[in-house]
There are 4 protein chains.
Amino acid sequence: MTSPTATLLVSCPDQRGLVAKIANFIYANGGNIIHADQHTDFEAGLFLTRIEWQLEGFNLPRDLIGPAFNAIAQPLQANWRLHFSDAVPRIAIWVSRQDHCLFDLIWRQRAQEFAAKIPLIISNHPDLGAIAKQFGIDYHHIPINKENKAEQEAKQLALLQQYRIDLAVLAKYMQVLSADFIANFPQVINIHHSFLPAFAGANPYQRAYKRGVKIIGATSHYVTEDLDAGPIIEQDVVRVSHRDEVNDLIRKGKDLERVVLARAVRLHLENRVLVYSNRTVVFE
Amino acid sequence: MTSPTATLLVSCPDQRGLVAKIANFIYANGGNIIHADQHTDFEAGLFLTRIEWQLEGFNLPRDLIGPAFNAIAQPLQANWRLHFSDAVPRIAIWVSRQDHCLFDLIWRQRAQEFAAKIPLIISNHPDLGAIAKQFGIDYHHIPINKENKAEQEAKQLALLQQYRIDLAVLAKYMQVLSADFIANFPQVINIHHSFLPAFAGANPYQRAYKRGVKIIGATSHYVTEDLDAGPIIEQDVVRVSHRDEVNDLIRKGKDLERVVLARAVRLHLENRVLVYSNRTVVFE
Amino acid sequence: MTSPTATLLVSCPDQRGLVAKIANFIYANGGNIIHADQHTDFEAGLFLTRIEWQLEGFNLPRDLIGPAFNAIAQPLQANWRLHFSDAVPRIAIWVSRQDHCLFDLIWRQRAQEFAAKIPLIISNHPDLGAIAKQFGIDYHHIPINKENKAEQEAKQLALLQQYRIDLAVLAKYMQVLSADFIANFPQVINIHHSFLPAFAGANPYQRAYKRGVKIIGATSHYVTEDLDAGPIIEQDVVRVSHRDEVNDLIRKGKDLERVVLARAVRLHLENRVLVYSNRTVVFE
Amino acid sequence: MTSPTATLLVSCPDQRGLVAKIANFIYANGGNIIHADQHTDFEAGLFLTRIEWQLEGFNLPRDLIGPAFNAIAQPLQANWRLHFSDAVPRIAIWVSRQDHCLFDLIWRQRAQEFAAKIPLIISNHPDLGAIAKQFGIDYHHIPINKENKAEQEAKQLALLQQYRIDLAVLAKYMQVLSADFIANFPQVINIHHSFLPAFAGANPYQRAYKRGVKIIGATSHYVTEDLDAGPIIEQDVVRVSHRDEVNDLIRKGKDLERVVLARAVRLHLENRVLVYSNRTVVFE
């Protein structure tokens, strides 16, 4: 499957003939569909689809696919996005002091688990600069406090622009982004170290321990202006017992955080995630 | 979603335009697709799809849908099956002495977790006759031994015919069906009390204990002439420890067996399972 | 392991020699320990243990074990409970309209998964009376509304006394017990259909759907006067996707509710659960 | 809990008074037990225990604890091992070409998830030498083929001795160790990329794909002379579907392999694992 593909993500009001119209568009232009998945939310009256086809043998040149599809999409009142599999998105990883998610994402990128570049690490602490250096990634230390937040966020946004970043991944970045920031750069994935919506906010492991839960979790979600309340992409859990103290929850949780964040980033980068009504459809 | 639907399950050699052709067939006849899913096995060069649409407003009468679709399917060299959601399949449950899967399936059928009738229970032991009586289901005690097997299987086949059975569910029926039987009645789902292919055959819990595994499982599969080697529909597992003796494995395993078998039966009855190369595609 | 056993559950301030003192008490009287487990909460400075030994060959008669152990426990400032494995606790099951947990508990009791009697079912609806009749269990229909709650709870308490009930199991009893009731009868286990503390209170599946979680759960806990906030005994989860509507969550959740409640009841009945600081220690 | 502790792992024929005798030994010498766990295999007539106590305030000097306990152990026909928590075991990691388990173990050791030194990496390929260099670990490339196996194993054994290695961890070392090697150095933990005993031997992911399983697993076990048949320490699983090709199984499996191997190594290093009859007791 190494030949490049195009992927359309479409959502529109449900109506007859949607699958046929989209499939016909691709077939009429000589495309070979390799993945097609649909979902209908009947309550919301919404149709969502992901369709991926091989570009080899496709009659339309790349720059005409969007405009051509738009002619079909307009009358359907459809929102759509088009991606090419050989485009390589650029990721900025945001960290504080913990290195496990950072290491993990770098390892996966190098192991080619996902196709992306990681040119930039942003942190409110200097601690992980050595790792950035080790892997040849630029590291910008931008300390944040209540007074300088707006100013520092402006610097962060400038960096994202300068490095032409497509996706910001908060890999245990223990700071809240402002609504303004999100409005300016909405493509942000976070890992929260709890099974949301339980234990949103600070110190989830301490609170999970205190509550005496028998299972802990981790949640990866798109960041919105409401803290830990954005659309959930992926969650996973692990069993704990009375023998596990807070430090054990933290240790077990790290393994969860790594895989849950990595899965979410991968699903996003493969253009498998559609968001509506603060929910995600994940076309696996 | 209470209006009746039609479902097509199709498999054919992979080629361009399959999604378009099938979707067009439904759209051209005024059908509203409510579920469509595809899978391509590139190595096998095989395309498989499940497509479900509402019959309300569909222009073709039911008895013409099959012939009409066949005209499309023939040139594609496609195998296909057509189902209507208001058809109510008839199930025979086969048991030996254990009652947990039997109880569970009856409860689910009564709770309308799946639409089916259960007019017949077949057993090689008399033990569970009282349960059959309690729920008003005919119970046929057909003891099996080496000498009478062929003769008794003939009786079983006659019963399946007499009761117009669509699906036989081996709910801990601790006997092997002959290749002849399967050839005559191939729609048989079994639950095996191990994580296949580990511990195929007799006494899986004893062998799991002896091997010292830390997780046990259950597997539901279509029955073929090779023991415990048919296409797997569903599996699940549960963690065990050194504290669990064989009896604990049996107890924990029962909970697995119930849900794994029930999920497999439900997926089958909703026509979500396609089989090829001794594997299943499960369109969930 | 069919010979009867005695079990001591002990909690006391942590100090040197606790294991030795308790083990010596049993050994000095000729007891053979078959299970011993300890836990120390260092932060709370609390030692907790469960110790079970065979009564066969034990030199103390049953009615003297408690007083004799008390002489050891007093100077240690220990709380303790003593149980005999051949005592058969009496359970009252409380239901509303849903039958799946009720059926499940009855089936397990009959399958001897736990040793208990179930002489009484209490419900605020008449619906499940037929099931009670089918299994020969007394069914008391006690409708509850805002006006009659105190009065009806008095009736319920009287029934628990009359039937000499040791444990009340809320098997999807969709009513809140008053603080007064709990004070009078504190041995109550509930099943909540969410992964607590997420979605405490009403309509958890609807809220889980709306939040777009990728995993749902069920939680069994001791009932306290704070709604869904008592000590958690057991939890489990199942994965869901965007394809699952509220009804699917409910269906999948039922399978969780059954096993999670059953495990909690079983652990309680085997005297494996100790409560402190609104947490449980579960000696499995 | 930073004060050093001593841990005794004991197994002996089951008999009365074992808990008391061992606890008394510690109490009489002023020790404070912080973890004690027992297990009895009634069928095998075997008692196993792990007991850990603080050395601070313990009256016996370290070098006398063993001899003193031996006086108790001898009449009980007990096997026993004594460990001190501040001893830092030395690990050799064995790899072939895959780096994920190697990276993971190094990261965990640096994150102090377990207390150990990793002075040595042995490989039959030169590929991962750069990683060794990056982290300052000696890397010995010892290529193996059928002709030179005995000779090369002698070199490997010499290295283990030279580096004073306590534990060899086969972190995806795709070679079989000879029975002779194991006899000379029995402390070897392996990770196998299947849910053993399913798919023992070569190419488990390919075989799992072909069999059409719905769940894959990984297994960490002590190495014995029988391939993939040693005592299992830890297993875990992940769900797969028809959409997952062999490469997806490999990718998903890597995440399993990392955590399963890491948990097994950690349990071993904390002296929580006892082996008997090709099974493990894991005192968590």
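Residues numbered from 1 in each chain as written. Chains lettered and ligands numbered in written order. Predicted model: local features only at pLDDT ≥ 70, side-chain atom pairs only at ≥ 80, totals over all residues. Heavy atoms only, no water.

Let's shift gears to the UniProt feature "active site" (unreviewed entry) in chain A. Sites flagged by UniProt as "active site" (unreviewed entry) map to Asp 228 of chain A. As for its placement among the helices and strands, Asp 228 of chain A is situated in the loop between strand S10 (215-222) and strand S11 (232-239). With relative accessibility at 9%, the residue Asp 228 of chain A sits in the buried group. Discounting residues that sit within four places of it in the chain, Asp 228 of chain A has contacts with Asn 190, His 192, Leu 196, Ala 200, Gly 201 and His 221 of chain A together with Arg 211 of chain C. (UniProt positions renumbered as here; feature names shortened; annotations may be inferred. Helix = DSSP H or I, 4+ residues; strand = E, 2+ residues; numbered from the N terminus. Buried < 20%, exposed > 50% of the residue type's maximum accessible area, 1.4 Å probe, protein only. Contact = heavy atoms within 4.5 Å.)

Glancing now at the relation of the copies chain D and chain B. With an axial shift of 0.0 Å and an RMSD of 0.0 Å, the rotation relating chain D to chain B amounts to 180°. Expressed as a symmetry operation, the mapping of one chain copy onto the other fits a two-fold axis. Closest approach to the rotation axis among the C-alpha atoms of chain D is made by Ala 198 of chain D, whose C-alpha sits 2.3 Å away. When the interface residues of chain D are mapped onto chain B, 100% of them again lie at the interface, so the same face is used by both copies. (Least-squares fit on C-alpha atoms with pLDDT ≥ 70 in both.)

Here we take up the pattern of salt bridges. Within the structure shown, the criterion is met by 72 salt bridges over all chains. Across the pair Asp 248 of chain A and Arg 251 of chain A runs a salt bridge, and its minimum N-O distance is 3.0 Å. With Asp 248 of chain A and Arg 251 of chain A both in helix H8 (residues 246-269) and three residues apart, the pair spans about one turn of that helix. For the pair Asp 248 of chain A and Arg 251 of chain A, a shared accessibility class is recorded, and that class is buried. For Lys 172 of chain D, the salt bridge goes to Glu 257 of chain D, with nearest N and O atoms at 3.3 Å. A residue pair is termed long-range when its members are at least 10 positions apart, and Lys 172 of chain D in the loop between strand S8 (167-170) and helix H6 (179-184) and Glu 257 of chain D in helix H8 (residues 246-269) qualify at 85 residues. Here Lys 172 of chain D falls in the buried class, since its relative accessible area comes to 3%. The exposure class assigned to Glu 257 of chain D is buried, which follows from its relative accessible area of 1%. Taken together, the shared-partner salt bridges in this structure form one network comprising Asp 104, Arg 108 and Glu 113 of chain A together with Asp 255 and Arg 258 of chain D. (Salt bridge = Lys/Arg side-chain N within 4 Å of Asp/Glu carboxyl O.)

Moving on to the interface of chain A and chain C. In this assembly, 37 residues from chain A lie in contact with 37 residues from chain C. Across the chain A/chain C interface, buried area totals approximately 3,200 Å², and carbon plus sulfur atoms make up 48% of it. Looking at the side of chain A facing chain C, the largest losses of area belong to Arg 211, His 242 and Arg 279 of chain A, adding up to 23% of the total buried there. One can count six salt bridges joining chain A with chain C. At the junction of chain A with chain C, the criterion picks out 26 residue pairs in polar contact (both at pLDDT 80 or more). Of all the secondary structure elements, the ones that give two or more residues to the side of chain A that touches chain C are strand S2 (32-41), helix H7 (204-211), S11 and strand S13 (279-282) of chain A. (Buried area = accessible area lost by both parts, 1.4 Å probe. Polar contact = N/O pair within 3.5 Å; in protein donor to acceptor, adjacent residues only side chain to side chain.)

Glancing now at the side chain of Asp 104 of chain C. Within the secondary structure layout, Asp 104 of chain C lies in helix H3 (residues 100-110). One polar contact links Asp 104 of chain C to Arg 258 of chain B, side chain to side chain, over a distance of 2.7 Å. Sequence-distant contacts of Asp 104 of chain C, defined by excluding residues within four places in its chain, comprise Arg 258 of chain B together with Arg 258 and Ala 262 of chain C.

What follows deals with the nonpolar core. Core analysis: the largest hydrophobic core is formed by 60 residues, its most contacted members being Ile 91, Ile 216, Leu 261 and Val 265 of chain A. Aside from chain neighbours lying at most four places away, what touches Ile 216 of chain A is Tyr 205, Ala 208, Asp 236, Val 237, Val 238, Val 240, Leu 249, Lys 252, Gly 253 and Leu 256 of chain A. Ranked by size, the runner-up nonpolar core spans 49 residues in total, among them Ile 51 of chain C together with Leu 8, Ile 65 and Ala 78 of chain D. (Core = buried A, V, L, I, M, F, W, Y, C linked by side-chain atoms within 4.5 Å.)

Our next topic: the interface of chain D and chain B. Interface size is commonly expressed as the accessible area that is lost once the parts come together. Chain D puts 37 residues into the contact, and the matching count from chain B is 37 residues. The junction of chain D with chain B conceals about 3,200 Å² of combined surface from both sides, 48% of it contributed by carbon and sulfur atoms. Contact with chain B buries area across many residues of chain D, yet Arg 211, His 242 and Arg 279 of chain D alone supply 23% of it, more than any other trio. Joining chain D to chain B, the criterion identifies six salt bridges.

Residue and element names in this part refer to chain B. Read across the sheet, seven strands follow the order S7-S6-S5-S8-S9-S10-S11 without closing on themselves; strand pairing throughout is mixed. Two strands bound the open sheet, and with one partner strand each, they are strand S7 (138-141) and strand S11 (232-239). Taken pair by pair, the neighbouring strands of this sheet meet at an average axis angle of 15°, ignoring direction. With five bridges joining them, strand S5 (residues 90-95) and strand S6 (residues 117-123) adopt parallel strand pairing. Bridging across to S6, Ala 92 finds its partner in Leu 120. Set on the sheet, helix H3 (residues 100-110) makes contact with S5, S6, strand S8 (167-170) and strand S9 (188-192); between it and S6 the angle comes to about 170°. (Pairing = 2+ DSSP bridges. Axes fitted to C-alpha atoms, helices over the stretch in contact; angles between N-to-C directions.)

So, on to the domain arrangement of chain A. Residue and element names in this part refer to chain A. Looking at the assigned domains, one finds that chain A contains domain 1 (5-84) and domain 2 (90-282). A separation of 31 Å is found between the C-alpha centroids of domain 1 and domain 2. Listed per partner, the contact involves 13 residues of domain 1 and seven residues of domain 2. For the domain 1 and domain 2 pair, buried surface summed over both sides reaches about 870 Å², with 58% attributable to carbon and sulfur atoms. For the domain 1 face of the interface with domain 2, the top three residues by lost area are Leu 9, Leu 48 and Arg 50, together amounting to 43%. In this structure, the connection of domain 1 to domain 2 is made through four residue pairs in polar contact (both at pLDDT 80 or more). No other element matches strand S3 (residues 46-54), which puts four residues into the side of domain 1 that touches domain 2. Class assignment of the residues belonging to the side of domain 1 that touches domain 2 gives a composition of five nonpolar, five polar and three charged. (Domains from an automatic or database assignment. Nonpolar A, V, L, I, M, F, W, Y, C, P; charged D, E, K, R; others polar.)

Moving on, we come to the relation of the copies chain A and chain C. Superposition of chain A onto chain C requires a rotation of 180° combined with a translation of 0.0 Å along the rotation axis, giving an RMSD of 0.0 Å. Mapped onto chain C, 100% of the interface residues of chain A again fall at the interface, so both copies present the same surface.

Another point: the packing of aromatic side chains. Following the criterion strictly, the structure yields 26 aromatic pairs over all chains and no others. Ring geometry for Trp 94 of chain C against Phe 181 of chain C: centres 5.6 Å apart, planes inclined by 85°, an arrangement best described as edge-to-face. Remark: Phe 181 of chain C occurs in helix H6 (residues 179-184) and Trp 94 of chain C occurs in strand S5 (residues 90-95); sequence separation between them is 87 residues. We note that Trp 94 of chain C, like Phe 181 of chain C, is buried. Judged by centre distance (6.0 Å) and plane angle (85°), the ring pair of Phe 103 of chain D and Phe 135 of chain D falls under edge-to-face. Highlighted residues: Phe 103 of chain D in helix H3 (residues 100-110) and Phe 135 of chain D in the loop between helix H4 (129-134) and strand S7 (138-141), separated in sequence by 32 residues. We note that Phe 103 of chain D, like Phe 135 of chain D, is buried. Through a chain of ring-to-ring contacts, the aromatic side chains of Phe 25, Phe 69 and Trp 80 of chain A assemble into a single cluster. The side chain of Arg 279 of chain C reaches across the aromatic face of Tyr 209 of chain A, ending 4.0 Å from its centre. (Phe/Tyr/Trp six-rings, centres within 6.5 Å; stacked < 30°, edge-to-face > 60°. Lys NZ or Arg CZ within 6 Å of the ring centre and 35° of its normal.)

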